[in-house]
Amino acid sequence: MPITSPRLDRTALRAQFPALAQEVGGHPLVYLDNAATSQKPQYVLDALTAYYEHDNANVHRGIHELSRRATVAFEGARVKLAKFIGAADSAELVWTRGTTEAINLVASSWGMDTLGEGDEILLSSLEHHSNIVPWQLVARRTGARIRYIEMDEQGRLILDDLPELLTDRTRMVAVSHISNALGTVNPIREITEQAKKVGALVLVDGAQAVPHRRVDVQELGCDFYAFSGHKMCGPTGSGGLWGRRSLLESMPPYQGGGEMIRTVGREESTWAEIPHKFEAGTPNIAGAIALGAAADFLDEVGFDRIAEHERELLSYALERLDDLGGIRVYGPTDLDERSGVISFTMGDAHPHDISTILDSRGIAIRAGHHCAQLVMQHFGISATARASFYLYNSTDDVDRLIEGLASVKEIFGPA
Ligand code: PLP
């Protein structure tokens, strides 16, 4: 059992993440950069090393005990993750290096095969670059046109514009489930319902959603869903793309090589069944297995509790920031419309300076454009400071953040 009892005893839970037990600059670490990547519990680290220590072999090919064990664990993790995101069929889950590769896979395979001159791809202006640039690359090569759902002054998508933006030329709507730069939670179900009316496919970038809430790809009604393992207590270089079986079957391979073929001839080759058709070369076997352990870990803690805890932290932090004063927080004001990401600016203090001062006190936040330059342009700024929470953070962490920001305020003066 990964979790000690009682289940959400914060100290017991935190103790399972070895990296959190260190000091930085002589201060106990406060880790508030979870939207960039999460820390990993011992349970996941053990799964990673257990594979290398006992079962290390290549999957699918070897007829020997270690290869059999590795294959069972690797494919078992696929079944686990498919269930974790509500997929009906584990063959619909393709292992990728993360969200970025999953989106590139769809843009490149489906996009290059399907899109033509004048076809439209609808994105939103709060996307991470990973859900913009792959579409720009494919648009340039196919003649397709990119359009954007804009956002309002709180960073919420203006869905009233959808009927006008969705046309009979719209082939793909690609939107994030939750924004990494603002924390905005997008109403995916509503977007998919409208997209379906014009026959467009919907891809959801779930990088910031799968770690924090129960995702059910079937309930969302989307066609593709992309996520990263490293933001959900899993290893870097792990993640997946879920796609509807009929679509994945109709799409050409993304990369060529071993594992993805059925037969190879001198001129022509034929492809393996899905998902293997999209998994050329030796996969991240240890990463997939450890990601399966991360899914078990999160299930054991329970998403109801994770979501409730993060909401409490968010509410507490917003109140304390308000009390401190001189801080502009971006994103929706209604807590139902946002997640545990707080993007903010503080008068004349540059976000990099804020981050550097906090770092000197052992507090890790992020500063910059967060790979969301369109969001920054929308608000007329170049960067924000961003604190983001996860299940192991506590109100003590928030208090340390506020103390740190109070010292930033002293240095830079009131806003
Ligand atoms: N999409 C969103 C919303 C993200 O927050 C991130 C990472 O921060 C990505 C995509 C890219 O994820 P990865 O770098 O794991 O592929």
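Refer to the structure presented above.
An account of the accompanying structure is given in this report. Just so it is clear, the structure is predicted and the values come from calculations on it, not from any experiment.

## Section: the site of the ligand
So, point 1. Surrounding the ligand, one finds Ala35, Thr99, Thr100, His128, Ser130, Asn180, Asp205, Ala207, Gln208, Ser228, His230 and Lys231.
So, point 2. One of the side-chain nitrogen or oxygen atoms of His230 is found 2.7 Å away from an oxygen atom of the ligand.
So, point 3. With respect to the ligand, the side chain of Lys231 contributes an N or O atom lying 2.5 Å from an oxygen atom.
So, point 4. Notes on the ligand: free accessible area 390 Å², of which the protein chains cover 85%.
So, point 5. When its residues are assigned to classes, the shell around the ligand shows 2 nonpolar, 8 polar and 2 charged.

## Brief notes about the environment of Gly243
So, point 1. Relative to the helices and strands, Gly243 is located in strand E10 (residues 239–243).
So, point 2. Residue class for Gly243 comes out buried when judged on its relative accessible area of 0%.
So, point 3. Counting along the chain gives 97 residues from Gly243 to Gly340, while the straight-line C-alpha distance between them is 27 Å.
So, point 4. In this view, Gly243 contacts Glu92, Asp223, Phe224 and Leu248; residues no more than four positions away in its chain are not counted.

## Side note on the packing of helix H12 (residues 351–359) against helix H14 (residues 395–412)
So, point 1. Two numbers describe how H12 lies on H14: the axes approach to 9 Å, and their chain directions differ by 125°. The angle between H12 and H14 falls in the class oblique. Once H12 is placed against H14, the crossing between them reads as right-handed. Between H12 and H14, the contacting residues are Asp353, Ile354, Ile357 and Leu358 on the first element and Leu401, Gly404, Leu405, Ser407, Val408, Ile411 and Phe412 on the second.
So, point 2. Grouping the constituent residues of the contact of H12 with H14 by class yields 8 nonpolar, 2 polar and 1 charged.

## Topic: helix H11 (residues 303–324)
Since the α-helix packs 3.6 residues into each turn, any two residues three or four apart lie on the same face.
So, point 1. In a regular helix each residue adds 1.5 Å, so 22 residues correspond to 32 Å; H11 covers 31 Å between its end C-alpha atoms and thus fits that length.
So, point 2. Among the residues making up H11, those that are buried are Phe303, Ile306, His309, Glu310, Leu313, Leu314, Ala317, Leu318, Leu321 and Leu324. Mapping the buried residues of H11 onto a view down its axis gives an arc of 165°, with all of them on the same face. Seen from the open side of H11, the exposed residues pointing more than 90 degrees away from its buried face are Asp304, Glu319, Asp322 and Asp323.
So, point 3. Backbone geometry just after H11 places Gly325 at a positive phi near 80°.

## Re the nonpolar core
A general trend in soluble globular proteins is that nonpolar side chains are found buried together.
So, point 1. Tyr225, Leu298 and Leu391 are the most contacted members of the largest nonpolar core, which totals 74 residues.
So, point 2. If you tally residues by element for this core, the top one is helix H10 (residues 285–301), at 12 residues.
So, point 3. Excluding residues that lie within four positions of it along the chain, Leu298 makes contacts with Phe84, Pro211, Met232, Cys233, Phe303, Ile306, Tyr390 and Leu391.
So, point 4. If you look at the next biggest cluster of nonpolar residues, it comprises 28 residues, including Ala102, Leu123, Met251 and Phe278.

## A look at the environment of Gly292
So, point 1. Tracing the backbone shows Gly292 in helix H10.
So, point 2. Spatially, the C-alpha atom of Gly292 lies 36 Å from that of Pro351, the residues being 59 residues apart in sequence.
So, point 3. Once residues lying within four places of it in the same chain are set aside, the contact partners of Gly292 are Ala77, Lys80 and Leu81.

## Quick notes on the packing of aromatic side chains
So, point 1. Under the definition given, this model contains 7 aromatic pairs.
So, point 2. Ring geometry for Tyr330 and Phe379: centres 5.1 Å apart, planes at 70°, overall edge-to-face. Remark: Phe379 occurs in helix H13 (residues 373–379) and Tyr330 occurs in strand E13 (residues 328–330); sequence separation between them is 49 residues.
So, point 3. Looking at Phe379, the relative accessible area reads 14%, which means it is buried.
So, point 4. Taken together, Phe17, Phe297, Tyr390 and Tyr392 form an aromatic cluster joined through their ring pairs.

What counts as what
Residues numbered from 1 in each chain as written. Predicted model: local features only at pLDDT ≥ 70, side-chain atom pairs only at ≥ 80, totals over all residues. Heavy atoms only, no water. Near = heavy atom within 4 Å. Polar contact = N/O pair within 3.5 Å; in protein donor to acceptor, adjacent residues only side chain to side chain. Areas by Shrake-Rupley, 256 points an atom, 1.4 Å probe, with all protein chains shown as cover. Nonpolar A, V, L, I, M, F, W, Y, C, P; charged D, E, K, R; others polar. Helix = DSSP H or I, 4+ residues; strand = E, 2+ residues; numbered from the N terminus. Buried < 20%, exposed > 50% of the residue type's maximum accessible area, 1.4 Å probe, protein only. Contact = heavy atoms within 4.5 Å. Axes fitted to C-alpha atoms, helices over the stretch in contact; angles between N-to-C directions. Parallel < 35°, antiparallel > 145°, perpendicular 65-115°, else oblique. Left-handed = near helix turned anticlockwise from the far one by under 90°. Expected span 1.5 Å × (residues − 1). Arc of directions from axis to C-beta. Core = buried A, V, L, I, M, F, W, Y, C linked by side-chain atoms within 4.5 Å. Phe/Tyr/Trp six-rings, centres within 6.5 Å; stacked < 30°, edge-to-face > 60°.

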